[in-house]
Amino acid sequence: MSTPKIDFAGLKAQYARIKPEIARRIQTVLDHGQFILGPEVSELETALAKRAGTKHAIGVSSGTDALVMALMAEGIGTGDAVFVPSFTFTASAEVVLLLGATPVFVDVDPHNFNIDTNDLDRRVSEVAREGKLLPRAVIAVDLFGQPADYGVLENLCRRHALYLIADAAQSYGAKLGNRAVGALAHTTAASFFPAKPLGAYGDGGALFTDDDERTAHYKSIRAHGKGTDKYDIVRLGLNARLDTLQAAILLAKLDVFDDELAAREKLARAYDARLKDKVEIPHRVPDSVSAWAQYCILVDDRDTVAKRLKEAGVPTAVYYPLPMHLQTAYARFGQGPGSLPISERLSQRILALPMNPYLTVEQTDYVCTSVAAAVQ
Ligand SMILES: *Cc1c(COP(=O)(O)O)cnc(C)c1O
């Protein structure tokens, strides 16, 4: 049997499909020349908000900037505690430290990899009891595209008077019950980094909220803290605008996004069916639709399995090899090895398989056969 060429994320195949529309959209921007906050940015914001079912979407320069802006608008800083899952991408923790606040790392669910709300509740109570830091916000991460447990999080945040921020860098397009990601937290931060399910051809992100005042605040922060006039500076801000060119590219990609989400779901189901007896497959969050940023399995001796798959021509990736509480830059905010056992164990066993909406049936078969052989 010949070895089919397997691509991890499918961006080349996607480009082949939407090439004319990408070219047309880019050409329009080059012709009108409004490279900063041009008409494509507001067109995209309207389309994103409509899909999410939120009153507002605000295009920004990256998912990281979206998160930092969400915290800035709440005035979060020194002396404040922000609760973050330890098993996540570094940006979820970094933004807390950038503002001088203290990250409190929380463990995750061993099966769907999202924040463990029981552990969160315990840690919030502990911080409140100690009285050294003021519990202010939770950053819930929708890891690999599956929404966190927002029903429980909403109640918990109300009980403890915490602001709920969804780190939806991997989950724009997902749903929980009849609500879409964007409408599940007080503020939601999305990323359009090229490899995310909805990716630009460079950095980009968005904030989602129903709150008019915060929307004005976010728009001010993304343009240096401007007031009604550009040179009237009313608060500390950033240069955090979404490029018009990236908005144009995202508009072209939105045309095929639903179709791609369906293809991701189909691939995930094929993996489930073929792999469930060979490896631990990801558990579904009940009553949810994932955006399938990644399909991650759990295996013992992960590095050997990854090496064998590489030899077979199947690309894999490790998200994430080290939890945040053990990272050199953040370790002083954690309690060391053994303190968040689920996050630590997942980091050793997790392995992401190709998640590519353009994988053929033959390629999918090949990946599954190769995984089964690699874990023998
Ligand atoms: C990608 C990612 C981010 C950061 O998004 P950027 O657009 O790259 O800044 C934040 N959180 C998580 C969970 C991510 O996966």
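Numbering of residues starts from 1 in each chain and follows the order in which that chain's sequence is written. Residue-level local features of this predicted model are given only where pLDDT is at least 70; pairs of side-chain atoms are given and counted only at 80 or more, and the full residue set underlies all totals for whole chains, interfaces and linings. Values shown for side chains rest on all heavy atoms present in the structure; no hydrogens or waters enter the calculation.

### Notes on the overall build of the protein chain
Under the convention used in this document: Secondary structure elements are defined from DSSP: runs of H or I of at least 4 residues count as helices, runs of E of at least 2 residues count as strands, and each element is numbered from the N terminus. Radius of gyration means the value over C-alpha atoms here, while the globule rule gives 2.2 Å times the residue count to the 0.38 power. Only protein chains enter the accessibility calculation, which uses a 1.4 Å probe. A residue is then buried if its area is under 20% of the maximum for its type, exposed if over 50%, and partly exposed in between. Here, residues are in contact when the closest pair of their heavy atoms is within 4.5 Å. Computed with the Shrake-Rupley method and a 1.4 Å probe, the accessible areas treat only the protein chains shown as cover for residues. Counting rule applied: Lys, Arg positive; Asp, Glu negative; His and chain ends not counted. Taken as the charge centre is NZ of Lys, CZ of Arg, CG of Asp or CD of Glu, depending on the residue.
When you go through the protein chain residue by residue, the secondary structure sums to 11 helices and 12 strands. Taken over the C-alpha trace, the protein chain has a radius of gyration of 21 Å; the compact-globule value for 376 residues is 21 Å, and the two agree within 12%. Dimensions of the protein chain, computed from the C-alpha atoms along their principal axes, are close to 65 × 60 × 35 Å. Buried positions account for 54% of the 376 residues belonging to the protein chain. For the protein chain, the proportion of contacts with a sequence separation of at least 24, taken over those separated by at least 6, is 71%. For the protein chain, the exposed area adds up to about 16300 Å²; of that, 52% sits on carbon and sulfur atoms. The averaged location of the 45 negative side-chain charges in the protein chain is 2 Å from the averaged location of its 41 positive side-chain charges.

### What about the nonpolar core?
Let me state the cut-off plainly: Grouping buried Ala, Val, Leu, Ile, Met, Phe, Trp, Tyr and Cys residues that are joined through side-chain atoms within 4.5 Å yields what is termed a nonpolar core.
Core analysis: the largest hydrophobic core is formed by 46 residues, its most contacted members being Leu48, Phe83, Leu120 and Tyr150. When residues in this core are grouped by element, the largest group, 6 residues, is from helix α8 (residues 244–275). Filtering out sequence-adjacent residues up to four positions away, leucine 120 remains in contact with Phe83, Val106, Ile115, Val138, Leu153 and Leu156. Listed in part, the 25 residues of the second largest apolar core include Ala70, Val82, Ile139 and Ile165.

### Let's talk about the side chain of serine 370
Tracing the chain through its elements places serine 370 in helix α11 (residues 361–374). Residue serine 370 is classed as buried on the basis of its relative accessible area, which comes to 10%.

### Notes on the packing of α8 against α11
Keep this limit in mind: Here an angle of 0 to 180 degrees is reported between the N-to-C directions of two axes, which are lines fitted to C-alpha atoms, with helices fitted over the stretch in contact. The handedness criterion is simple: a crossing whose near helix is rotated anticlockwise from the far helix by less than a right angle is left-handed, and one whose near helix is rotated clockwise is right-handed. For this classification, the nonpolar set comprises Ala, Val, Leu, Ile, Met, Phe, Trp, Tyr, Cys and Pro, the charged set comprises Asp, Glu, Lys and Arg, and every other residue, Gly included, is treated as polar.
In the contact formed by α8 and α11, the axes pass within 10 Å of each other and the chain directions differ by 35°. Both α8 and α11 take part in a crossing whose hand is right-handed. On α11, the residues that touch Leu267, Ala270, Tyr271, Arg274 and Leu275 of α8 are Thr364, Asp365, Val367, Cys368, Thr369 and Val371. A breakdown of the residues in the contact of α8 with α11 according to their chemical character gives 7 nonpolar, 2 polar and 2 charged.

### A look at helix α1 (residues 11–32)
Convention followed: By this rule the span expected of a helix is its residue count minus one, scaled by 1.5 Å. Here the bend at a residue is taken as the angle between two axes, fitted respectively to the seven residues that end there and the seven that start there.
Taking 1.5 Å as the rise per residue, α1 with 22 residues should run 32 Å; its terminal C-alpha atoms sit only 28 Å apart, a clear shortfall. Where α1 bends most, the angle comes to about 70°, and this point is isoleucine 18, followed within four residues by the proline proline 20. Burial in α1 covers these residues: Gln14, Ile18, Ile22, Arg25 and Val29. Residues of α1 that are buried in the fold lie against α2 (39–52) and α8. Where α1 terminates, the next one or two residues include glycine 33, which has phi positive at roughly 75°.

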